[in-house]
Amino acid sequence: MSGRWRPTRALGRAALVGLVLLVFGVVLGRPDVVVIVVPLVALVLWSLATRPQRGPWATSRVESELLREGESAPWRVDVEAVEGLRDVVGHLPGDRWVTTSPVHGHVAAAAAPGRSSVPVAVMVRSERWGVRRLGPAQVGALGDFASFVWQWPEQRVETLPTLPTPGTFTSRTGLPHPVGLVGQHRSPRPGGGTELSDVRAFRTGDRLRRIHWPVSLRTGTLHVTTTHADQDAEVRIIVDAIRDLGERDPAHGVRSSLDVAVEAAGAVAAHYLSTGDRVGLSVLGGGGYVELPAVGGHHQLARVLLALGRAEESRGTVLEERALRAQMARPVAPGALVVLLSALVSPEPLSHAVRLARSGHDVIVVDSLPAELSAHDVRDGAVSAATRLEDPRTARLVWRLRLLEREREARRCAQAGVPVIPWRGPGSLDTVLRGVSRRARAPRMVAR
């Protein structure tokens, strides 16, 4: 739809004032008044003579389809330069996590001779991961002397997916149950790997490049080297998005619990995908159903980050509760390492972790609550934001009870054999993984 041109109030006022003064000057014989009003009448007549005859077509787009946190992209509108169009104005409002340049979001441009369209653009900067919604955008055009105005009938709302920036994570400990055919984890069985296993006598079918010449020359018979097979493992990352606790202030480095969980999930996924493992993702209780199957390869990291960008705090609807039950009922592949990132304030994800552990899976719970919220000298503003209560005394009392419930849930997980550790970046999982690997080699009872 292109819309129609409408006269502005300024044109109506100019026509009314000019007509009244012209009649007044002619009737009373005041040539000075007539001389004064002639330019105003000429302006009205000129505006009517150069009135645009048809509405222009307009297109809008965001130049980039995908951004990372802190990156910018231009929002651009192209308006057809029809005859009589002189200026184009546009407005794109920002929101809490989107800043525009200029800050007020208003831009204007004049029609240039010989050009088929008039472009206007607003730079958009996404401050936080997620699906950012830009708009509703408003675009208008003006004729000569702003006498006629055209407004775009569509108030376009653009969506701009923003990927989270993964944190830093490294681990020197292998995973407890590598079951794949390729990867960087040492297998107990011999195969085509990189780590030396043994030197034995040559057999029919052995590759010639495996001949170990020093031993062969010393013994007088051909000997070959054997290696341990390299295997990959599966890592299932589960993000608890039922509650998002804390404030978000990128300028001062303040993060909420969901921010910590998303950054940690991206870091863990990036590390294990770089080692050749398969990584899957589940976001429990969020505003959208996010479920990603376990796949390997460098393209999987982009899928994981894009899926993490769709994580939203739960709104408590019936559909979200059904989706949560469906996600917790999905089976997890045997031998997969389950990493649950949670603020430990929602019982459903923790119960799910305990059920997986009792079914024979290796489960690790990572506490994503920001350190400032668990400190004794936590600020009143942070407590009020976490509890959503305005009274500081009531908020501190409620938050103290919440911390006691967190400690109780953490003890229950530990008693069920599920370790709970805080997120500390590189090496956060090493100590727990060593214990899990030793426990995996020991016999244990499994609930069927």
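Pulling in residues and values, what's your account of the overall build of the protein chain?
Summing up its helical and strand segments, the protein chain has eleven helices and 21 strands in all. Counting all 448 residues of the protein chain, 44% fall into the buried class. Considering only residue pairs separated by 6 or more positions, the protein chain has 73% of its internal contacts joining residues 24 or more positions apart.

Before we move on, can you summarise helix α4 (residues 257-274) with the specific residues and values?
Taking 1.5 Å per residue, 18 residues should reach 26 Å; α4 reaches 26 Å between its end C-alpha atoms and fits that length. The element α4 is extensively covered by neighbouring structure, given that 16 of its 18 residues are classed as buried.

If you had to explain the environment of Ser428 to someone new, which residues and values would you point to?
Considering the arrangement of structural elements, one finds Ser428 in the loop between β21 (420-422) and α11 (430-440). Owing to a relative accessible area of 13%, Ser428 belongs among the buried residues under this scheme. Spatially, the C-alpha atoms of Ser428 and Val366 are 8.9 Å apart, while their sequence positions differ by 62 residues.

Go over the packing of aromatic side chains with me, naming the residues and quoting the values.
Counted by the stated rule, this structure contains two aromatic pairs. When the centroid spacing of 6.2 Å and the interplanar angle of 50 degrees are considered together, the rings of Phe169 and Tyr272 count as tilted. Of this pair, Phe169 sits in the loop between β12 (158-163) and β13 (185-191) while Tyr272 sits in helix α4, placing them 103 residues apart in sequence. A network of ring pairs unites the aromatic residues Phe169, Tyr272 and Trp423 as a single cluster. Stacked on the ring of Trp97, the Lys or Arg Arg128 has its end atom at 5.2 Å from the ring centre.

Any chance you could break down the environment of Leu373 for me, citing the residues and the numbers?
Locating Leu373 in the fold gives a position in helix α8 (residues 371-374). For the pair Leu373 and Val383, spaced ten residues apart in sequence, the C-alpha separation works out to 7.3 Å. Those residues in contact with Leu373, other than ones at most four positions away along the chain, are Leu245, Gly246, Val378, Ala382, Ala386, Trp399 and Leu403.

Quick rundown of the pairing of strand β6 (residues 98-101)? Include the residues and the values.
The side-chain alternation of β6 yields one buried face, formed by Val98 and Thr100, and one unburied face, formed by Thr99 and Ser101. Judged from the four bridges that link them, β6 and strand β8 (residues 117-126) form a sheet pairing that is antiparallel. The partner of Thr99 across the bridge, within β8, is Arg125.

Could you give an account of the packing of α4 against helix α5 (residues 298-308), with specific residues and numbers?
As a packed pair, α4 and α5 sit with axes 10 Å apart at the nearest point and diverge in direction by 170 degrees. Between α4 and α5, the angle is such that the two are roughly antiparallel. For the pair formed by α4 and α5, the contact residues are Val262, Ala265, Gly266, Ala269, Ala270 and Leu273 on the first element and Gln300, Leu301, Val304, Leu305 and Leu308 on the second. Considering only residue class, the contact of α4 with α5 consists of nine nonpolar, two polar and no charged.

Describe the nonpolar core, naming the residues involved and giving the relevant values.
With 38 residues, the main nonpolar core has Ile237, Val239 and Leu281 as its most contacted residues. Taken together, the elements giving at least two residues each to this core come down to β16 (234-240), α4, β17 (278-284), β18 (290-295), α5, β19 (337-342), β20 (362-367) and α11. The element best represented in this core is α4, accounting for eleven residues. Beyond its immediate chain neighbours, meaning those up to four positions away, Ile237 contacts Ala265, Val268, Ala269, Val279, Gly280, Leu281, Ser282, Val339 and Leu341. Core analysis: the second largest hydrophobic core is formed by 30 residues, Ala73, Trp75, Val79 and Ala109 among them.

Explain the sheet that holds strand β2 (residues 58-62) to me, using residue names and the numbers behind them.
Pairing is antiparallel in the open sheet, where four strands are placed in the order β2-β4-β8-β6. Since the sheet does not close on itself, it has two edges, and those belong to β2 and β6, each with one partner. Averaged over all pairs of adjacent strands, the angle between their axes in this sheet comes to 25 degrees, without regard to strand direction. The pairing of strand β4 (residues 72-80) with β8 spans nine bridges and is classified as antiparallel. The partner of Pro74 across the bridge, within β8, is Met123.

Outline the side chain of His223, supporting the account with residue identities and numerical values.
With respect to the secondary-structure elements, His223 resides in strand β15 (residues 223-231). Of note is the side chain of His223, whose polar atom sits 3.4 Å from the side chain of Thr219. Not counting the four nearest positions on each side in its chain, His223 is found in contact with Val199, Arg200, Ala201, Phe202, Arg210, Ile211, His212, Val215 and Ser216.

Parameters at a glance
- Residues numbered from 1 in each chain as written.
- Predicted model: local features only at pLDDT ≥ 70, side-chain atom pairs only at ≥ 80, totals over all residues.
- Heavy atoms only, no water.
- Helix = DSSP H or I, 4+ residues; strand = E, 2+ residues; numbered from the N terminus.
- Buried < 20%, exposed > 50% of the residue type's maximum accessible area, 1.4 Å probe, protein only.
- Contact = heavy atoms within 4.5 Å.
- Expected span 1.5 Å × (residues − 1).
- Phe/Tyr/Trp six-rings, centres within 6.5 Å; stacked < 30°, edge-to-face > 60°.
- Lys NZ or Arg CZ within 6 Å of the ring centre and 35° of its normal.
- Pairing = 2+ DSSP bridges.
- Axes fitted to C-alpha atoms, helices over the stretch in contact; angles between N-to-C directions.
- Parallel < 35°, antiparallel > 145°, perpendicular 65-115°, else oblique.
- Nonpolar A, V, L, I, M, F, W, Y, C, P; charged D, E, K, R; others polar.
- Core = buried A, V, L, I, M, F, W, Y, C linked by side-chain atoms within 4.5 Å.
- Polar contact = N/O pair within 3.5 Å; in protein donor to acceptor, adjacent residues only side chain to side chain.

Nothing here speaks to function; it is geometry throughout.
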